[in-house]
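Observations on the three-dimensional arrangement
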Amino acid sequence: YFRQNRLPHLWCPGCGNGIVMKAIVQAIEKKNLDQDKTIIVSGIGCSSRASGYMNFDTLHTAHGRAIPFATGIKLANPELNVIVITGDGDCTAIGGNHFIHGCRRNVDLTVILFNNNIYGMTGGQASPLTPLTKKATTAPYGSIDRPFDPCDLARAAGATYIARSTAFHVKHLADMIAQGMDNDGFSFIEAITQCPISYGRKNKLGDAPAMLKWMSEHAVMQAAFDKLPEEKREDKFPIGILHKASTTEYTTAYQKVIDLAGGGK
Ligand code: SF4
């Protein structure tokens, strides 16, 4: 599933992107998806480079625009498995509008957000998911912009499968992605991952193992998180399936109205 005889990848040593990419491939393997019917679409950013390293029909699109490209592919060929790779800047800033409307339409896409809390490739600027007080090139004294939770946004906008995992919990992450592939609708998986260079160095978070250790200590399975008293939740975050809903998928709904109108004649 990986491209052979290509130039080496451009990710920094210790970057978590390769771990998340491997989890996506493990999910594809687990679901036994047909390689010729699986399309990987990405936007722009460090994580979006993954599409170029994977041996599927791939489309590396414009910044923030992966979801509309993927929607077009799915509408034209509903039988294809369409996977979107995106980063926190790509998905929630430049592509925020497309993200909301992808969720709202419930198109059958599997969207994996590589959340490293920063714009890595374009120079370490703060993204909408950069935590308060954390430093970025655009926030040299620490960010004062309040981040939002992309899973909460996806839920409010209408996504029908929402899950979260981390680069530390690789098997769990692959399982969350695989279960998203089973959903007939818009599936959103937030993969929290480490960027030891653009984010970690600026914020003195240590090297990649230290950042992975942080994930292992702060991620809590959803069921256990729900039982935590409020005061113990503060520096923790839930992982697992956060939401599931049953809503008619977009291409199915579209076909129904075409049929009702007499096949468009
Ligand atoms: Fe990975 Fe960060 Fe380097 Fe980008 S800048 S390749 S996210 S470590």
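Residues numbered from 1 in each chain as written. Predicted model: local features only at pLDDT ≥ 70, side-chain atom pairs only at ≥ 80, totals over all residues.

1. Considerations on the nonpolar core
- Of all hydrophobic cores here, the largest spans 55 residues; its most connected members are V20, I24, V84, I112, I177, F188 and A191.
- With seven residues, helix α1 (residues 17–30) is the largest single contributor of residues to this core.
- Discounting chain neighbours no more than four positions away, the residues touching V84 are V41, A66, I67, A70, L109, V111 and I112.
- Listed in part, the nine residues of the second largest apolar core include C46, I118, Y119 and C195. (Core = buried A, V, L, I, M, F, W, Y, C linked by C-beta atoms within 7 Å. Buried ≥ 20, exposed ≤ 12 C-beta atoms within 10 Å, placed from the backbone. Helix = DSSP H or I, 4+ residues; strand = E, 2+ residues; numbered from the N terminus. Contact = placed C-beta atoms within 7 Å.)

2. What about the site of the ligand?
- Around the ligand, the neighbouring residues are W11, C12, C15, N17, C46, N116, G120, M121, C195, P196, I197 and S198.
- When grouped by side-chain class, the residues that make up the shell around the ligand number eight nonpolar, four polar and no charged. (Near = placed C-beta within 6 Å. Nonpolar A, V, L, I, M, F, W, Y, C, P; charged D, E, K, R; others polar.)

3. Here's the deal with the sheet that holds strand β4 (residues 110–115)
- Taken in spatial order, the eight strands make up an open sheet running β2-β1-β3-β4-β6-β5-β8-β7, and their pairing is mixed. In the strand order of this sheet, the two ends are held by β2 (57–60) and β7 (219–221), each with one partner. Strand-to-strand twist across the sheet, computed as the mean angle between neighbouring axes with direction ignored, equals 20°.
- The pairing of β7 with strand β8 (residues 237–244) spans three bridges and is classified as parallel. In the sheet register, V220 faces β8, and the bridge partner there is P238.
- Seen against the sheet, helix α3 (residues 66–76) touches β1 (38–42), β2, β3 (81–87) and β4 and runs at an angle of roughly 175° to β3.
- Lying over the sheet, helix α9 (residues 208–218) contacts β5 (161–166), β6 (187–192), β7 and β8, oriented at roughly 35° with respect to β7. (Pairing = 2+ DSSP bridges. Axes fitted to C-alpha atoms, helices over the stretch in contact; angles between N-to-C directions.)

4. What to know about the pairing of β5
- Counting buried positions along β5 yields six of six residues, so the element is predominantly enclosed.
- Of the two faces of β5, the one carrying Y161, A163 and S165 and the one carrying I162, R164 and T166 are both buried.
- Two elements, β5 and β8, share four bridges in a ladder whose sense is antiparallel. Its bridge partner being in β8, I162 is matched across the sheet by H243.

5. Observations concerning the confidence of the model for the chain
- Mean pLDDT over the chain: 95, with 98% of residues reaching 70 or higher.
- Complex prediction metrics read pTM 0.96 and ipTM 0.99. (pLDDT = per-residue confidence, 0-100.)

6. Focus: the packing of α3 against helix α5 (residues 96–105)
- Running from N to C, α3 and α5 cross one another at 35°; their axes reach a closest spacing of 8 Å. Touching I67, P68 and T71 of α3 are H98, F99 and G102, all from α5.
- Across the contact of α3 with α5, the residue classes tally to three nonpolar, three polar and no charged.

7. A look at the packing of α1 against helix α7 (residues 170–182)
- The N-to-C vectors of α1 and α7 enclose an angle of 50°; their axes lie 8 Å apart at closest approach. Comparing their axes, α7 and α1 come out oblique. Where α1 crosses over α7, the handedness of that crossing is right-handed. Residue-level contacts link I19, V20, A23, I24, Q26, A27 and K30 of α1 to V170, L173, A174, I177, A178 and M181 of α7.
- Among the residues forming the contact of α1 with α7, the class breakdown is 11 nonpolar, one polar and one charged. (Parallel < 35°, antiparallel > 145°, perpendicular 65-115°, else oblique. Left-handed = near helix turned anticlockwise from the far one by under 90°.)

8. As for unusual backbone geometry
- The phi angle at N117 is positive, at roughly 70°, despite the residue not being glycine.
- Of the residues examined, N117 has 26 C-beta atoms within 10 Å and is grouped as buried.
- Unlike most non-glycine residues, T133 shows phi in positive territory, near 75°.
- Inspection of the secondary structure assignment puts T133 in the loop between β4 and α6 (150–157).
- Residue class for T133 comes out exposed when judged on the 11 C-beta atoms lying within 10 Å of it.

9. Points about the environment of V111
- Along the polypeptide, V111 turns up in strand β4.
- Spatially, the C-alpha atom of V111 lies 4.5 Å from that of V84, the residues being 27 residues apart in sequence.

10. A look at the environment of A245
- Following the sequence through the fold, A245 ends up in the loop between β8 and α12 (250–260).
- The sequence separation of A245 and A159 amounts to 86 residues, and the corresponding C-alpha distance is 7.8 Å.

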